[in-house]
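# Descriptive structure summary
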Amino acid sequence: MPGVSAQVELREDEIEFVAIRAQGAGGQNVNKVSNAIHLRFDIGASSLPEDLKEGLRQLRDQRISNEGVVIIKAQAHRSLERNRLDALTRLRELIARAAYTPAPRRPTRPSRGSQRRRVDSKLRRGVVKLLRAKVGSDN
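Read on for an overview of the structure. Keep in mind that what you see is a predicted model, and the values were worked out from it rather than measured. (Residues numbered from 1 in each chain as written. Predicted model: local features only at pLDDT ≥ 70, side-chain atom pairs only at ≥ 80, totals over all residues. Heavy atoms only, no water.)

Before going further, it helps to examine the environment of R90. Counting through the fold element by element, R90 comes out in helix α3 (residues 80–99). The class of R90 is partly exposed, set by a relative accessible area of 23%. Here the alpha-carbon distance between R90 and K73, two residues 17 residues apart in the chain, equals 9.7 Å. Ignoring any residue separated from it by four or fewer positions in sequence, one finds R90 in contact with R63, I72, K73 and A74. At a separation of 2.9 Å, a polar atom in the side chain of R90 contacts the main-chain carbonyl oxygen of K73. (Helix = DSSP H or I, 4+ residues; strand = E, 2+ residues; numbered from the N terminus. Buried < 20%, exposed > 50% of the residue type's maximum accessible area, 1.4 Å probe, protein only. Contact = heavy atoms within 4.5 Å. Polar contact = N/O pair within 3.5 Å; in protein donor to acceptor, adjacent residues only side chain to side chain.)

Among the nonpolar cores identified, the biggest contains 21 residues, and L39, F41, L48, L56, V70, L91 and I95 are the most heavily contacted of them. Going through the elements one at a time, β2 (35–42), α2 (50–58), β3 (69–74) and α3 are the ones with two or more residues in this core. Per element, the largest residue contribution to this core is six residues, and it comes from α3. Excluding residues that lie within four positions of it along the chain, L56 makes contacts with I43, L48, I64, L94, I95 and A98. (Core = buried A, V, L, I, M, F, W, Y, C linked by side-chain atoms within 4.5 Å.)

This part is about the environment of H77. Here H77 is to be found in the loop between β3 and α3. Taking the C-alpha atoms as reference, H77 lies 9.9 Å from A22; in sequence the two are 55 residues apart.

Given a rise of 1.5 Å per residue, 20 residues ought to cover 28 Å, and the 29 Å separating the end C-alpha atoms of α3 matches this to within 8%. Buried positions along α3 lie against β1 (15–21), β2, α2 and β3. Here α3 starts with a cap whose side-chain oxygen sits 3.2 Å from the backbone nitrogen of E81, and that cap is S79. (Expected span 1.5 Å × (residues − 1).)

Moving on, we get to α2. Within the span of α2, buried status applies to L52, K53, G55 and L56. One side of α2 carries all its buried residues, which in axial view fall inside an arc of 160°. With respect to the buried face of α2, the exposed residues turned more than 90 degrees away are E50, D51 and Q58. Contacts made by the buried residues of α2 are with α3. (Arc of directions from axis to C-beta.)

So, in structure tokens, the structure goes:
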């Protein structure tokens, strides 16, 4: 099974697939074409690194239960195998989202030129407002 990234490898025995009947309308053909997959992945029992496990638990995602089990239901396709691949892809995306760490923000300061331009524009605006005053007033 292809890994999530260079360091993280998902093992086949850690993922449980259960074939279920998909939701939706019935009909004569429903038993042949309404397939769905429940994918279950126990975060605590997996071989993922500890920091990645913690990142997964911290995600605010409704697919992760309080017990730390990822449950993904895939029923978009008619084929059971395509739904299985869809569920695996969504699990990989979830793990990749947990593994992402944004670059640290480096605080910046405005340049001296931009500060000068800002003050100059404020002065010009003040002059415009001053010129609106009534003639002969004490401003």
